[in-house]
Amino acid sequence: MGCGSSSRCRQPAALSKTQRAMKSAVLIQRWYRRHVARLEARRQCTWRIFQSIEYAAEQDQLKLHNFFSSLIEQHTLREPGESGAGGEGDEVPRWLRCPPGGSCEEESALCDAIQVPGDYTGPRLDFPLAPGQAVALVNAFKKKQVLHARFALRLLLEARSLLHHLPTVRHASTANRRDITVCGDLHGQLDDLFLIFYKNGLPGVDRPYIFNGDFVDRGSRSLEVLLVLLAFLLAHPHDVFLNRGNHEDYVMNMRYGFTKEILMKYKVHGRLMVRVVRDLFSWLPLATVVDGKALVVHGGLSAATDLELLARIDRHRFVSALRPPKRRTTRGLDSPPADSSSSTSSPAHRQRSAYSSVSDDVALDGEWKQVVDVLWSDPVPQDGCTPNSYRGGGCYFGPDVTRDVLHRHGLQLLVRSHECKQEGYERTHGGQVITIFSASNYYEVGSNRGAYMRLGPELTPSFVQYQVGKATRKLTLRQRVSAVEQSAIAALQEKLLAHRSQLMAAFERADPGHTGLVSVSEWALLVEQELQLGLPWRSLHQQLVGATDGGAPAAPDGSVAYAGCFPERRAGQTQLHSSMQPGLIETIYRHRNSLESIFHAIDQDHSGFISFEEFRQAWRLLSSHVQEGVSDDDVLGLARSIDFNQDGSIDFNEFLEAFRLADKPQ
């Protein structure tokens, strides 16, 4: 009886303990799910910030093209004694041009004339290039060795000659292999390329590769990435496929760093290498078709994409995809020819020639659109095909466009790159579109994984993800999200600082009582109208407006103390700006990357110094580009603020660094 009674007494207590344990487990699970959901929301918001800032920089491309084309013609790639203007109809100066069909005799002679010093211990290349030498180049770059200018230039020339003989649309087969590896954007991140080779094997007969564009720009080792890929292309021309990306474009290279990298690494022969690279990029194929089933292009497609037309395009004519080549048509239908005495100058002949020129121009525009669409387009969930206003080039294409284009050409799958993805890849449009991106930590350390894809004969893709750097593996998820979030907020604060005058004027108009406060809705609306980034400003205002240096804390009623958007400059870093107008400071800050490109173009000897007159010329070039009404008095005031050397020169790297730091928030 006692045992039974004791057993009955203990049972409710045991049940109560179990219930408490279950309840605790449920509470912990709910807390963890909320915690992960909040982190994911923060991560997605951070991702939108980075992408919005990146894509905003790619807009207004025609203006960018015209500016940098003019810059190149006037300064960057001109032979001594050559005028800045090319011949009639030329887009680039004579020294930039090269007859199609491989290496120019002049360039080959210049390459052969480069002497290799006896104490050079880096890799040496012989041509035709053997597979072992491509492997040796990889090992040399792993040891931080530098390829001598003679071998680097010869490698570029030989690769350009090979590319000239390749079709615009190449065909790859997996018939005798298990699969083919597709890599997306690398953007000069050599460590990512080495990690791919380590995990997947080096390119060769048993391991074919497709590298899907954007090899260069942004990363600090773009030239090494390009040289490695070209070396394997020469060593295995039937097993390595290089597609052109939107950054294989000399105008983009001027803006995003690749041209600067070449000129800094090869000071003596850099201009010649820039010219060869520019021509080489125009010969890169635009697409690869795998087993007649999968189309691999860098950007995407549009409703008008026609692979047969794309295959017939003389791709070399599109040196830059930011605008079509100059039109052939130079006169109207009724304009007389230059030589009216010619036997072929009859009215009927003139009319036929004019109509032929107009027809050629229409065809040229159609070809250019084909090129732009495959290099710049992005997929979207909605049906239809609309202009890609976010980037400023190509189009947005929906699932219906994908199905139609693939069905029209007997294809089943579209593989593209062009967009950074948090996991390194993404499947959309019912699995018919795969985006692959191979540059990890693209926006910031920990921001994204890189990935490559293996594609077999059955079109069953397998993905391999990775993230370069031991630091990212040591951080928890919360630490990674916080670090990337801080970097994104700092980038947004720089954007706000660059538009300080315009924003303050807008805030003050919305605050007629001069209270220093506006509502959250007004603040978000005014910031979006000025920056046009399409971000959730209402949820971001607490991170962008707060008790930072010089900023006021948020008001109790929820309104925004808008002065808190603009932290004060750091002490000791304002001397350069003491005699300058705030608007001028912001103009330099906003366009300092373009100004840096101008400086590097003018600095012919790459010494890092330019004269006072060259500085004035650079500033006038910038002011003509940005068209923000900067006067000569502003230029003189800017010059008086600068500490020129005794010989009248200026270290423009120090000048630009002052503007990077002076307005940067802490």
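Residues numbered from 1 in each chain as written. Predicted model: local features only at pLDDT ≥ 70, side-chain atom pairs only at ≥ 80, totals over all residues. Heavy atoms only, no water.

## Looking at the packing of aromatic side chains
This model, assessed by the stated rule, comprises 13 aromatic pairs. Considering the side-chain rings of Phe 197 and Tyr 209, the 5.8 Å spacing of their centres and the 85° angle between planes classify their relative orientation as edge-to-face. With Phe 197 in helix α6 (residues 190–200) and Tyr 209 in strand β3 (residues 209–211), the pair connects residues that are twelve residues apart, well separated along the chain. Summarising the burial analysis for this pair, Phe 197 and Tyr 209 share the class buried. Joined through ring pairs, the aromatic side chains of Trp 47, Phe 50, Phe 437, Tyr 442 and Tyr 443 make up one cluster. In this structure, Lys 142 is placed above the aromatic ring of Phe 194, and the distance from its NZ or CZ to the ring centre is 5.5 Å. (Phe/Tyr/Trp six-rings, centres within 6.5 Å; stacked < 30°, edge-to-face > 60°. Helix = DSSP H or I, 4+ residues; strand = E, 2+ residues; numbered from the N terminus. Buried < 20%, exposed > 50% of the residue type's maximum accessible area, 1.4 Å probe, protein only. Lys NZ or Arg CZ within 6 Å of the ring centre and 35° of its normal.)

## Here we look at unusual backbone geometry
With the exception of glycine, most residues fall at negative phi, and the peptide bonds are largely trans. The omega torsion of the bond from Phe 127 to Pro 128 falls at 5°, within 30 degrees of zero and hence cis. Mapped onto the elements, Pro 128 comes out in the loop between α3 (105–113) and α4 (131–142). One non-glycine residue, Asp 217, lies in positive phi territory at about 80°. Tracing the sequence through the fold places Asp 217 in the loop between β3 and α7 (222–235). Given the relative accessible area of 0%, Asp 217 is considered buried. In this structure, Leu 459 takes a positive phi of about 60° despite not being glycine. Within the secondary structure layout, Leu 459 lies in the loop between β13 (450–455) and β14 (461–466).

## Things to note about the packing of helix α17 (residues 520–531) against helix α18 (residues 537–544)
Relative to each other, α17 and α18 sit at 95°, their axes nearing to 9 Å. One finds that α17 runs roughly perpendicular with respect to α18. Contact residues: α17 offers Val 520, Ser 521, Trp 523, Ala 524, Val 527, Glu 528 and Leu 531, while α18 offers Trp 537, Arg 538, His 541 and Leu 544. (Axes fitted to C-alpha atoms, helices over the stretch in contact; angles between N-to-C directions. Parallel < 35°, antiparallel > 145°, perpendicular 65-115°, else oblique. Contact = heavy atoms within 4.5 Å.)

## Some remarks on α18
Residues of α18 that are buried: Trp 537, Leu 540, His 541 and Leu 544. In an axial view of α18, the angular spread of the buried residues amounts to 125°, which keeps them on one side of the axis. (Arc of directions from axis to C-beta.)

## A short note on the confidence of the model for the protein
Mean pLDDT over the protein works out to 79, with 72% of the residues at or above the 70 mark. Counted against residues more than four places away or in other chains, residues 330–344, with its pLDDT under 50, gives twelve contacts. Every residue in residues 661–666 is under pLDDT 50, and counting partners more than four places away or in other chains gives 20 contacts. (pLDDT = per-residue confidence, 0-100.)

## A word on the pairing of β14
As defined by bridge partners, β13 adjoins β14 across six bridges and the pair is classed as antiparallel. Residue pairing in the sheet places Ala 451 in a bridge with Gln 465 of β14. Where β13 hands over to β14, the hairpin turn is made up of five residues, of which Leu 459 adopts a positive phi near 60°. (Pairing = 2+ DSSP bridges.)

## Observations concerning the sheet that holds strand β7 (residues 378–379)
Reading across from one edge, β7-β9-β8 is the order of the three strands in this open sheet, with mixed pairing throughout. Each of the sheet's edge strands pairs with one partner strand only, and the pair in question is β7 and β8 (385–387). As paired elements, β7 and strand β9 (residues 395–397) share two bridges and run parallel to each other. Paired with Pro 379 across the bridge in β9 is Phe 397.

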